[in-house]
Amino acid sequence: MPSDPQAVLLDLDGTLVDTEGAWWRAVAGVAATLGRRLRADDVPHVRGRTAADAAAHLLPSAAEPGAVGALAERLVDAFAERLGRDGVPVMPGALELLSDLVAASIPTALVSASPRRVVELVLPSLRHSFHVVVADGEAARGKPHPDPYLEAARRLGADPRRCVAVEDSPAGVAAATAAGCRVLVAGPAGPPSLAGIRACLAASGGAL
């Protein structure tokens, strides 16, 4: 019988809530005001990335100091406006997973590339009290660097090598993998169930 993970660390956008499309449309709308049209090759620079990363991608390398921060604020404003207007769709199975983790007494952390004010806007939809929330800007570097996952594990008092991370984007998977977590990928059907997490652990030897 495999042991349960010390904690489960969960991404937000695209993993627990279906907001990746809203983020893309928000960035695309702001990009259009700059004369930029987002294309498929922009996806790795936008999906799962922080507002500052997306802003830096949209601006020329010779942009004036402070321009990235100002544009990042515009992106966050546009994203928050969309969420406030259109609502926050929860991914299939997300509420059940969170409920099962509570029932199993497995600590949870939310590890998001969104800033705290967007996270706070989304959290009520999940009806779950995370032990730890790490938002953009609350670790030394954002995804795809490991810092947000290392910070979440540190705050939980957990060993990241004994944690399972659930992610949906390449940037998030890279961050959690670099932190040493066991990583499971959420798809269009939502995050894995707790039974699915346990089955993956069992299939890989179960030791955490």
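About the cut-offs
Residues numbered from 1 in each chain as written. Predicted model: local features only at pLDDT ≥ 70, side-chain atom pairs only at ≥ 80, totals over all residues. Heavy atoms only, no water. Helix = DSSP H or I, 4+ residues; strand = E, 2+ residues; numbered from the N terminus. Rg over C-alpha atoms; globule rule 2.2 N^0.38 Å. Buried < 20%, exposed > 50% of the residue type's maximum accessible area, 1.4 Å probe, protein only. Lys, Arg positive; Asp, Glu negative; His and termini not counted. Charge placed at Lys NZ, Arg CZ, Asp CG, Glu CD. Polar contact = N/O pair within 3.5 Å; in protein donor to acceptor, adjacent residues only side chain to side chain. Contact = heavy atoms within 4.5 Å. Axes fitted to C-alpha atoms, helices over the stretch in contact; angles between N-to-C directions. Parallel < 35°, antiparallel > 145°, perpendicular 65-115°, else oblique. Left-handed = near helix turned anticlockwise from the far one by under 90°. Nonpolar A, V, L, I, M, F, W, Y, C, P; charged D, E, K, R; others polar. Pairing = 2+ DSSP bridges.

S.K.: Help me out: how do you make sense of the overall build of the chain in this one?
M.R.: When helices and strands are counted, the chain shows 9 helices and 5 strands. For the chain, the succession of helices and strands along the chain, N to C, is β-α-α-α-α-α-β-α-β-α-β-α-β-α. Against the compact-globule benchmark of 17 Å for 208 residues, the chain has a radius of gyration of 17 Å, which places it among compact chains. Split into buried and exposed, the 208 residues of the chain put 47% on the buried side. Computing the positive centroid from 20 side-chain charges and the negative centroid from 23, the chain places the two 2 Å apart.

S.K.: Can you help me understand the side chain of Thr15 in this one?
M.R.: Its place among the elements puts Thr15 in the loop between strand 1 (7–10) and helix 1 (20–33). Given the relative accessible area of 0%, Thr15 is considered buried. One polar contact links Thr15 to Asp168, side chain to side chain, over a distance of 3.3 Å. When sequence neighbours within four positions are dropped, the list of residues in contact with Thr15 reads Met91, Val166, Glu167, Asp168, Ala186 and Pro191.

S.K.: When you look at helix 7 (residues 147–156) in this model, what are you seeing that I'm missing?
M.R.: In an α-helix there are 3.6 residues to a turn, and that puts residues three or four apart on one side. Along helix 7, the positions that sit buried rather than exposed are Asp147, Pro148, Tyr149, Glu151, Ala152 and Ala153. Among the structural elements, strand 1, strand 2 (108–111), strand 3 (132–134), strand 4 (163–167) and helix 8 (170–179) are those in contact with the buried residues of helix 7. After helix 7 finishes, the residue Gly157 shows a positive phi value of roughly 70°.

S.K.: What am I meant to see in the packing of helix 1 against helix 4 (residues 67–86) here?
M.R.: Helix-helix packing: each pair is described by the crossing angle between the helix axes and the interaxial distance. Across the interface, helix 1 lies against helix 4 with an axial gap of 9 Å and an inter-helix angle of 130°. Relative to helix 4, the element helix 1 is oriented oblique. As helix 1 runs across helix 4, the sense of the crossing is right-handed. When helix 1 is examined against helix 4, the residues Ala22, Trp23, Arg25, Ala26, Val27, Val30 and Thr33 are found in contact with a partner set consisting of Leu71, Arg74, Leu75, Ala78, Phe79, Arg82 and Leu83. Among the residues making up the contact of helix 1 with helix 4, the classes are represented as 10 nonpolar, 1 polar and 3 charged.

S.K.: Whenever I open this one, the sheet that holds strand 4 confuses me. Can you help?
M.R.: Two strands in a sheet stick together by hydrogen bonds in their backbones, pointing the same way (parallel) or opposite ways (antiparallel). Taken in spatial order, the 5 strands line up as 3-2-1-4-5 in an open sheet, and their pairing is parallel. Two strands in the sheet have a free side with no partner beyond their single neighbour: strand 3 and strand 5 (182–185). Ignoring strand direction, the axes of neighbouring strands in this sheet form an average angle of 20°. The sheet contact formed by strand 1 and strand 4 spans 4 bridges and is parallel. Residue pairing in the sheet places Leu9 in a bridge with Ala165 of strand 4. Each of strand 1, strand 2, strand 3 and strand 4 is contacted by helix 7, which is oriented at about 160° to strand 3, the strand it contacts most.

S.K.: What is the right way to read the environment of Asp168 from this model?
M.R.: Mapped onto the secondary structure, Asp168 falls in the loop between strand 4 and helix 8. For Asp168 and Leu12, which are 156 residues apart along the polypeptide, the C-alpha to C-alpha distance reads 9.1 Å. Once you skip the residues sitting within four places of it in the chain, Asp168 turns out to touch Asp11, Asp13, Gly14, Thr15, Glu20, Arg47, Val185 and Ala186.

S.K.: Please explain the packing of helix 3 (residues 51–58) against helix 4 as it appears in this structure.
M.R.: The contact between helix 3 and helix 4 brings their axes to 8 Å, and the two run at 115°. For the pair helix 3 and helix 4, the crossing hand works out as right-handed. Residues Ala51, Ala52, Ala54, Ala55, Ala56 and Leu58 of helix 3 form the contact with helix 4, whose own contacting residues are Val68, Leu71, Ala72, Leu75 and Val76. Taken together, the residues of the contact of helix 3 with helix 4 sort by class into 11 nonpolar, no polar and no charged.

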